[in-house]
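# Notes for the structure review
In case you want the letters, here they are:
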Amino acid sequence: MSPLAHQPTRRVAVLGGARVPFARSDGPYATASNQQMLTAALDALVERHGLQGPGAVGEFVAGAVLKHSRDFNLARETVLGSALDPRTPAYDIQQACGTGLQAVIAAANKIALGQTESAIAGGADTASDAPLGVNDRLRRILLEARRAKTAGGRLKALAKVRPGHLVPDIPRNAEPRTGLSMGEHAAVTARAWGISREEQDALAAASHQRLAAAYERGLFQDLVVPFRGLARDQNLRPGSTVEKLAALKPVFGLDAPGPTMTAGNSTPLTDGAATVLLASEEWAEARGIEPLAYLTAYETAAVDFVGGDVAGGEDGLLMAPAYAVPRMLERAGLGIGDFDLVEIHEAFASQVLATLAAWEKRGLAPVDRARLNVAGSSLATGHPFAATGARIVATLATLLAEREGPGRGLISVCAAGGQGVTAILERT
């Protein structure tokens with residue numbers, strides 16, 4: 001047996017993060033590509049930690065959910081356009097809304113196994129510059145024309161083109177297996193768990209108020225870099241209150257009595273990018289960088305949101321973290337009470353509340369709301385799909401370091417396709 005098989009895994013340190021402010025779609029970043037946003041976030045991280053030298057970082061891993069064909073090698077092209085050494089290897093990863101956190105996990109695994117000493121992970125997404133596909137009927141005609149052996153054959157194929165064929169295929173925010181949007185799926189889950197409108201609006205208002213307070217006290221001074229005229233997340237509404245949110249009309253679940261989900265307690269379509277620097281303790285010590293926290297555990301899960309218990313709430317599209325977190329905590333020998341901070345990605349306020357209820361149903365203690373998303377989350381920041389996981393890791397690590405003593409944080413991210421990605425950060 002190879003001696004490598006006996007090597008113990010190493011602790012993986014989170015050393016810092018950088019992101020551009022998140023913007024509402026079709027706003028300030030309407031003409032910014034995934035690569036441009038991701039490069040801006042990466043360059044900020046490189047500059048902040050002096051990573052410009054040859055071989056400074058072992059690897060870069062990142063991804064996007066909405067990708068153009070030009071994004072086929074997004075991570076590598078981002079490296080080549082950045083201040084990072086062009087000899088830095090890079091690769092793409094994608095797991096819907098869990099992409100950013102999965103990128104962190106992929107990088108951390110290599111560091112833990114001694115395959116690299118340092119890595120940068122991240123993600124970017126633009127809902128503004130979403131790819132438009134060629135109408136499938138037109139695509140088939142064009143392929144037929146390309147395969148034709150003669151000019152006459154090509155003209156015969158092209159003569160089949162009709163005006164309706166010129167209508168592009170626009171990306172839909174819907175699950176291919178069900179045809180329902182994520183919001184409609186969340187509405188089904190909200191009804192199943194009895195999540196009230198008042199609870200959702202209270203959580204949404206708190207997200208905005210806490211994010212605003214975090215900006216005011218300088219939490220994001222080393223995390224957010226200005227980009228295209230923005231210095232703060234554009235979706236942030238410091239004056240949000242339950243009363244103001246209560247005035248909004250429901251937009252999801254309108255096919256059933258008493259709909260509760262509005263634009264105010266749901267995450268808007270967003271553009272942005274985020275990155276995280278990870279390394280071994282030895283690498284960090286050699287460069288005089290104090291770790292913010294350590295990534296100590298992670299778990300993924302998936303639910304059968306097509307044929308499972310969807311109406312009962314158990315297998316709702318965004319409920320996979322309800323299974324991943326209990327498994328992860330059991331494996332780590334921890335309970336909810338062992339966490340100083342809990343970060344749940346706020347795809348929808350109803351989804352956060354349903355997840356909390358499901359954890360309790362599975363035997364976990366209630367989460368102290370004073371420890372939940374203490375600096376706000378996706379309802380306030382927005383949610384560029386692949387960037388959210390990296391944002392949460394960097395923010396949580398910074399919050400733990402801010403405490404100055406030992407601490408532990410839990411991360412829970414739901415994702416399209418009925419998946420969930422979860423992790424634990426610790427500071428000793």
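In case you missed it, the structure is sitting above this.
So, a few notes on the structure that sits alongside this text. (Residues numbered from 1 in each chain as written. Predicted model: local features only at pLDDT ≥ 70, side-chain atom pairs only at ≥ 80, totals over all residues. Heavy atoms only, no water.)

## Some thoughts on the packing of helix α10 (residues 321-332) against helix α11 (residues 349-361)
Our working rule: Interaxial angle, 0 to 180 degrees, is taken between N-to-C directions of lines fitted to C-alpha atoms, where a helix line uses only the stretch in contact. Secondary structure counts use DSSP, requiring at least four H or I residues in a row for a helix and at least two E residues in a row for a strand, with both numbered from the N terminus. For classification purposes, an angle smaller than 35 degrees is called roughly parallel, one larger than 145 roughly antiparallel, one from 65 to 115 roughly perpendicular, and anything else oblique. Handedness of each helix crossing follows the sense of rotation of the near helix against the far helix: counterclockwise by less than a right angle gives left-handed, clockwise gives right-handed. It only takes one pair of heavy atoms within 4.5 Å for two residues to be counted as in contact.
Orientation of α10 relative to α11, taken along the N-to-C sense of each, is 45°, at an axis distance of 9 Å. The angle between the axes of α10 and α11 places the two elements in the oblique class. The chirality of how α10 crosses α11 is right-handed. Within the contact between the two elements, α10 uses Pro 321, Ala 322, Val 325 and Pro 326 and α11 uses Thr 355, Ala 358 and Trp 359.

## Some words on the side chain of Asp 233
The line we're drawing: Any pair of nitrogen or oxygen atoms within 3.5 Å is treated as a polar contact; in protein, a donor-acceptor pairing is required on top of that, and neighbouring residues in sequence qualify only through side-chain atoms on both sides.
With respect to the helices, strands and loops of the structure, Asp 233 is situated in the loop between α7 (197-216) and α8 (242-246). Looking at Asp 233, its side chain comes within polar contact range of the main-chain nitrogen of Phe 22, at 2.9 Å. Among residues more than four places away in sequence, those in contact with Asp 233 are Arg 19, Pro 21, Phe 22, Leu 211, Tyr 215 and Thr 381.

## Thoughts on the packing of aromatic side chains
Think of a pair of aromatic rings as described by two things: how far the centres are apart, and how the planes are tilted against each other in angle. Put simply, the rule is: Working definition: a ring pair exists when centres of Phe, Tyr or Trp rings (six-membered ring for Trp) sit within 6.5 Å. Plane angles under 30 degrees give stacked, over 60 give edge-to-face, the rest tilted. Relative accessible area decides the class of each residue, using a 1.4 Å probe on protein chains only: under 20% of the type maximum gives buried, over 50% gives exposed, and in between gives partly exposed. Put simply, a charge is over a ring when the Lys NZ or the Arg CZ is close to the ring centre, within 6 Å, and near the line of the ring normal, within 35 degrees.
A full pass over the atoms with the stated rule returns three aromatic pairs. Between the aromatic rings of Tyr 215 and Phe 220, the centroid separation amounts to 4.6 Å while the plane-to-plane angle is 45°, which identifies the pairing as tilted. Look at Tyr 215 and you get buried, because its relative accessible area is 10%. With centroids separated by 5.9 Å and ring planes inclined at 90°, the aromatic side chains of Phe 252 and Phe 348 adopt a geometry described as edge-to-face. With Phe 252 in strand β6 (residues 250-252) and Phe 348 in the loop between β10 (341-344) and α11, the pair connects residues that are 96 residues apart, well separated along the chain. Geometry around Tyr 294 places Arg 11 over its ring, the cationic atom sitting 3.7 Å from the centre. The side chain of Arg 362 reaches across the aromatic face of Tyr 323, ending 4.3 Å from its centre.

## Brief notes about the side chain of Ser 118
Position of Ser 118 among the secondary structure elements: in strand β5 (residues 118-125). Within polar-contact distance, the side chain of Ser 118 engages the side chain of Trp 283 at 3.5 Å. Apart from the residues lying within four places of it in its own chain, the contact partners of Ser 118 are Ala 56, Val 57, Gly 58, Glu 59, Ile 111, Leu 278, Ala 279 and Trp 283.

## Side note on the nonpolar core
We count it as follows: Residue types Ala, Val, Leu, Ile, Met, Phe, Trp, Tyr and Cys, when buried and joined through side-chain atoms within 4.5 Å, form a set referred to as a nonpolar core.
With 47 residues, the main nonpolar core has Leu 101, Phe 220, Leu 278, Ile 411 and Leu 425 as its most contacted residues. In terms of residue count, helix α13 (residues 388-402) provides more of this core than any other element does, nine residues in total. Excluding its chain neighbours within four sequence positions, the residues that come into contact with Leu 425 are Val 14, Ala 293, Tyr 294, Leu 295, Val 393, Leu 396, Ala 397, Leu 400, Gly 407, Arg 408, Gly 409 and Ile 411. Formed by 38 residues, the second largest nonpolar core is a distinct cluster that contains Leu 15, Val 46, Val 57 and Val 79.

## Re the packing of α7 against α11
Relative placement of two packed helices is described by the angle separating their axes and the distance separating the axes. Counted only if it meets this: Amino acid classes used here: Ala, Val, Leu, Ile, Met, Phe, Trp, Tyr, Cys and Pro are nonpolar; Asp, Glu, Lys and Arg are charged; the rest, including Gly, are polar.
With their axes 9 Å apart at the nearest point, α7 and α11 run at an angle of 105° to one another. One way to sum up the angle between α7 and α11 is to call them roughly perpendicular. Listed contacts from α11 to Glu 199, Gln 200 and Leu 203 of α7 are Ala 349, Ser 350, Val 352 and Leu 353. Taken together, the residues of the contact of α7 with α11 break down into four nonpolar, two polar and one charged.

## A word on the pattern of salt bridges
This is how the line gets drawn: By salt bridge we mean one thing: a side-chain nitrogen of Lys or Arg within 4 Å of a carboxyl oxygen of Asp or Glu.
Applying the stated criterion to the full structure yields 18 salt bridges. Residues Arg 232 and Glu 216 are paired through a salt bridge, measuring 2.9 Å at the closest nitrogen-oxygen approach. You can see Arg 232 sitting in the loop between α7 and α8 and its partner Glu 216 sitting in helix α7, a full 16 residues away along the chain. Given a relative accessible area of 33%, Arg 232 falls into the partly exposed group.

## Section: the pairing of strand β12 (residues 419-427)
Just so we agree on the cut-off: Pairing between two strands requires that DSSP report at least two bridges joining them.
Taken across its nine residues, β12 has eight buried, putting it largely inside the fold. Here strand β11 (residues 407-415) pairs with β12 via nine bridges, running antiparallel. Bridge pairing links Val 413 to Val 421 in β12. A loop of three residues connects β11 with β12, the two strands running antiparallel in sequence, and Gly 417 in this loop sits at a positive phi of about 85°.

## Some thoughts on the environment of Pro 89
Its location among the elements puts Pro 89 in the loop between α2 (74-80) and β4 (90-92). Take Pro 89: its relative accessible area is 42%, and that puts it in the partly exposed class. A C-alpha to C-alpha distance of 31 Å links Pro 89 and Ser 25, two positions 64 residues apart in sequence.

## What about α10?
Inclusion rule: Expected span of a helix: the number of residues minus one, times 1.5 Å.
Compared with the 16 Å implied by 1.5 Å per residue over 12 residues, the 16 Å span of α10 between its first and last C-alpha is a close match. Among all positions of α10, only Pro 321, Ala 322, Ala 324, Val 325, Pro 326, Met 328 and Leu 329 are buried. Elements in contact with the buried residues of α10: β9 (293-302), α11, β11 and β12. Positive backbone phi, at 70°, marks Gly 333, one or two positions downstream of α10.

## Some thoughts on unusual backbone geometry
Of note, Ala 96 is a non-glycine position whose phi angle comes to about 50°, a positive value. A residue is classified by how much of its surface remains accessible, and Ala 96, at 12% relative accessible area, is buried. One non-glycine residue, Asn 373, adopts positive backbone phi at about 45°. We classify Asn 373 as buried; its relative accessible area is 3%.

## Re the environment of Asp 340
Tracing the sequence through the fold places Asp 340 in the loop between α10 and β10. Exposure remark for Asp 340: the relative accessible area of 22% places this residue in the partly exposed category. Expressed as a C-alpha distance, the spacing of Asp 340 and Ala 415, which sit 75 residues apart in the sequence, is 24 Å. Once you skip the residues sitting within four places of it in the chain, Asp 340 turns out to touch Arg 371, Arg 403, Pro 406, Gly 407 and Arg 408. Of note is the side chain of Asp 340, whose polar atom sits 3.3 Å from the side chain of Arg 403. From its side chain, Asp 340 meets the backbone nitrogen of Arg 408 in a polar contact 2.8 Å long.

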